[in-house]
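# Structural features, examined
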Amino acid sequence: MRILLINPNSSPAMTRTIADAGKAVAAPGTEIVGICPPGAPLSIEGHSDGVLAAFHTLKLVDESGPADGYVLACFDDTGVDALRERVAGPTLGIGEAAMHAAAMLACRFSILTSLERSVPILEDNAARYGLAARCRGVHAAELPVLAFEDGDSAYAVLRDAAREVLAKDRSDALVLGCGGMAHLAPRLAGELGLPVVEGVACAVKFVESLASLGLATSKAGGYAYPLAKTPLSNGEQHV
Ligand code: 5HY
C-alpha cells in the first residue's frame, strides 16, 4: 500500500518530522511517501496561507502518481475536500483524524495549537465534524508554527500551556493542533499522564485501515471528480 503523506507547507524540516511520525506507525508493507509543495507558504498560519497551500498541494498531488491513500498533515485540514474530489483513495486531514480519535478516548478533549489566529479555523472544523460538544476548548501556545522545528525550546512552552489548558477546561485528553508538534507527543503524554493525541499517526492508521478494507472516497456526490470545463460555443464570457 502506498500512502502520500503531504505536509501542505513548504518546510523541509517539518516535512521530515511528519514523515518520520507516519513511518513510525505504518504497518509492514505500507510505503509512506512524505512530500511538500515547494511553492506553498513556509508555514500555514491563517486563512490566506491555507488557500495558497491548498492550491500548491493539489498541483503536487496531480504530479505525484497514484496512491492508495492520502494524508494532509496540516491541522487546519487545508484543502481536504478539494483533494477528495480529485483522488479516489481515502483522504484524511490530521485535524479530523485527531479529533475523532480523542472523542473515542475521552469524554472531553482540548486542542492546543500554535497561534491565536488559527483558533477560529479549528473551532469551525470541530463544529463541522460534529465534535464541538466534545471539544472543551481550542487554545494557542502563542508560538509560531516554525518554532516547533526546534523541539526543545518549544517543548517547555507547550507543556506548561498544556497543563494550564487541561486544568482550565477540565478535559481528559489533549489534542496537538499542529503537524509540526508530531515529535513532541510521546514525551508530553509521559509528563501529562493522559492521552496526548497526535494527528499524523492517527490519520495514517485510519487511512491505512480504510484502504485495507477496500474502501475509497465516494464519487457519487459531493466528492465526484471535477467536471471538465467546456467554454460556451459562442465564445461568450460568463460575467
Ligand atoms: C499545521 N500550520 O499543522 C498548521 C497549524 C496551525 O503549517 N501546519 C502548519 O497553526 O494552523
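Look above for the structure.
Summary of the structure given here. All residue numbers refer to position in the chain's written sequence, counted from 1. Confidence filtering applies because this is a predicted model: local features only for residues at pLDDT of at least 70, side-chain atom pairs given and counted only at 80 or more, and all residues used for totals across whole chains, interfaces and linings. As a rule here, side-chain values cover all heavy atoms of the structure and leave hydrogens and water aside.

Before going further, it helps to spend a moment on the site of the ligand. In the vicinity of the ligand, 13 residues are found, and the nearest of them are Ile44, Phe75, Asp76, Ser114 and Gly179. By the criterion applied in these results, polar contacts are pairs of N or O atoms within 3.5 Å in which, for protein atoms, one can donate a hydrogen and the other can accept it, and in which residues neighboring in sequence qualify only through two side-chain atoms. The backbone of Phe75 places a nitrogen or oxygen atom 2.9 Å from an oxygen atom of the ligand. Contacts to the ligand include Ser114, whose side-chain N or O atom sits 2.4 Å from an oxygen atom. Contact with the protein chains removes 100% of the 300 Å² of surface that the ligand exposes when unbound. When the residues that make up the shell around the ligand are grouped by side-chain class, the tally is 5 nonpolar, 7 polar and 1 charged. For this purpose, a residue is taken to be near a molecule or strand whenever a single non-hydrogen atom of the residue falls within 4 Å of it. Per-residue accessibility takes into account occlusion by the displayed protein chains alone, with areas from the Shrake-Rupley method and a 1.4 Å probe. Each residue receives one of three labels: charged for Asp, Glu, Lys and Arg, nonpolar for Ala, Val, Leu, Ile, Met, Phe, Trp, Tyr, Cys and Pro, and polar for the others, Gly being one of them.

Right, let's get into the side chain of Ser64. As for its position among the elements, Ser64 is in the loop between helix H2 (47-62) and strand S3 (69-72). Residue Ser64 is classed as buried on the basis of its relative accessible area, which comes to 16%. For this analysis, residues touch if any pair of their heavy atoms sits within 4.5 Å. Not counting chain neighbours up to four residues away, the residues in contact with Ser64 comprise Arg2, Leu4 and Ile35. Each helix is a run of DSSP H or I of at least 4 residues and each strand a run of E of at least 2, with the numbering of both proceeding from the N terminus. Any residue under 20% of the maximum accessible area for its type is buried, any over 50% is exposed, and the rest in between are partly exposed; the area is computed with a 1.4 Å probe on protein chains only.

A few words on a negative patch on the surface. Taken together, Glu116, Glu123, Asp124 and Glu142 make up a surface patch of like negative charges. By relative accessible area, which is 53% here, Asp124 ends up exposed. Residues enter patches when their relative accessible area tops 30% and they take part in no salt bridge; the joining distance is 9 Å for like charges and 5 Å for the nonpolar side chains Val, Leu, Ile, Met, Phe, Trp and Tyr. A pairing counts as a salt bridge when a side-chain nitrogen of Lys or Arg comes within 4 Å of a carboxyl oxygen of Asp or Glu. In this tally Asp and Glu are treated as negative and Lys and Arg as positive; neither His nor the chain ends contributes. Charge positions are represented by NZ for Lys, CZ for Arg, CG for Asp and CD for Glu.

Okay, the packing of helix H1 (residues 12-25) against helix H8 (residues 199-212) next. Packing of H1 against H8 brings their axes to within 9 Å, and their N-to-C directions diverge by 50°. When the axes of H1 and H8 are compared, the pair comes out oblique. Helix-helix and strand crossings are classified by hand; for H1 and H8 the assignment is right-handed. Contact with H1, carried on its side by Ile18, Ala21, Gly22 and Val25, involves Val200, Ala201, Val204 and Lys205 of H8 and no other residues of that element. Each residue belonging to the contact of H1 with H8 can be placed in one class, and the counts come to 6 nonpolar, 1 polar and 1 charged. Angles shown run from 0 to 180 degrees and are taken between the N-to-C directions of axes, each axis being a line fitted to C-alpha atoms and, for helices, limited to the stretch in contact. If an angle is under 35 degrees, it is roughly parallel; if it is over 145, roughly antiparallel; if it lies from 65 to 115, roughly perpendicular; otherwise it is oblique. With the far helix as reference, a near helix turned anticlockwise by less than a right angle produces a left-handed crossing, and one turned clockwise produces a right-handed crossing.

Turning to the pairing of strand S5 (residues 109-113), a few remarks are in order. Burial runs high along S5: 5 of the 5 residues are buried. Residue alternation in S5 divides its side chains into two sets, Phe109, Ile111 and Thr113 and Ser110 and Leu112, and both sets are buried. In this analysis, strands are considered paired if DSSP registers two or more bridges between them. Judged from the 5 bridges that link them, S5 and strand S6 (residues 135-140) form a sheet pairing that is parallel. In the strand pairing of S6, Phe109 is matched with Cys135. Orient the strands so they point away from the viewer; a crossover is then right-handed if the path from the first strand over the helix to the second runs clockwise. In this view, the connection linking S5 to its parallel neighbour S6 by way of helix H5 (residues 119-128) has right-handed handedness. The pairing of S5 with strand S7 (residues 174-176) spans 3 bridges and is parallel. Along S7, the bridge assignment pairs Ile111 with Val175.

What follows covers the packing of aromatic side chains. Describing an aromatic ring pair means giving the distance of the ring centres and the angle of the ring planes. Two aromatic rings, drawn from Phe, Tyr or Trp (for Trp, its six-membered ring), form a pair once their centres lie within 6.5 Å of each other, and the interplanar angle then sorts them: stacked below 30 degrees, edge-to-face above 60, tilted otherwise. In this structure the tally under the stated criterion is 0 aromatic pairs. A cation over a ring is seen here: Arg187 above Tyr155, with NZ or CZ 3.8 Å from the ring centre. By definition, being over a ring means that NZ of Lys or CZ of Arg is both within 6 Å of the ring centre and within 35 degrees of the ring normal. A cation sits over an aromatic face here: Lys219 above Tyr225, 4.2 Å from the ring centre.

For the rest of this paragraph, the subject is H8. Each residue after the first adds 1.5 Å to the expected span of a helix. Look at H8: 19 Å from first C-alpha to last across 14 residues, which is about the 20 Å you get at 1.5 Å a residue. Three or more residues of H8 are buried, namely Gly199, Val200, Ala201, Cys202, Ala203, Val204, Val207, Glu208 and Ala211. Near the N-terminus of H8, the side chain that reaches the backbone nitrogen of Val200, with its oxygen 2.5 Å away, is that of Glu198. Looking one or two residues past H8, Gly214 carries a phi angle of roughly 75°, positive in sign.

Here the focus is the sheet that holds S5. Taken in spatial order, the 4 strands of this open sheet run S6-S5-S7-S8, and their pairing is parallel. Sheet topology places S6 and strand S8 (196-198) at the edges, where each strand pairs with a single neighbour. Ignoring which end each strand starts from, the neighbouring axes of this sheet average 25° apart. Relative to S8, S7 runs parallel, the two being bridged by 3 bridges. Across the sheet, Leu176 pairs through a bridge with Glu198, a residue of S8. This element, helix H6 (residues 151-169), spans S5, S6 and S7 of the sheet and lies at about 150° to S5.

All we've got here are geometric facts, nothing functional implied.
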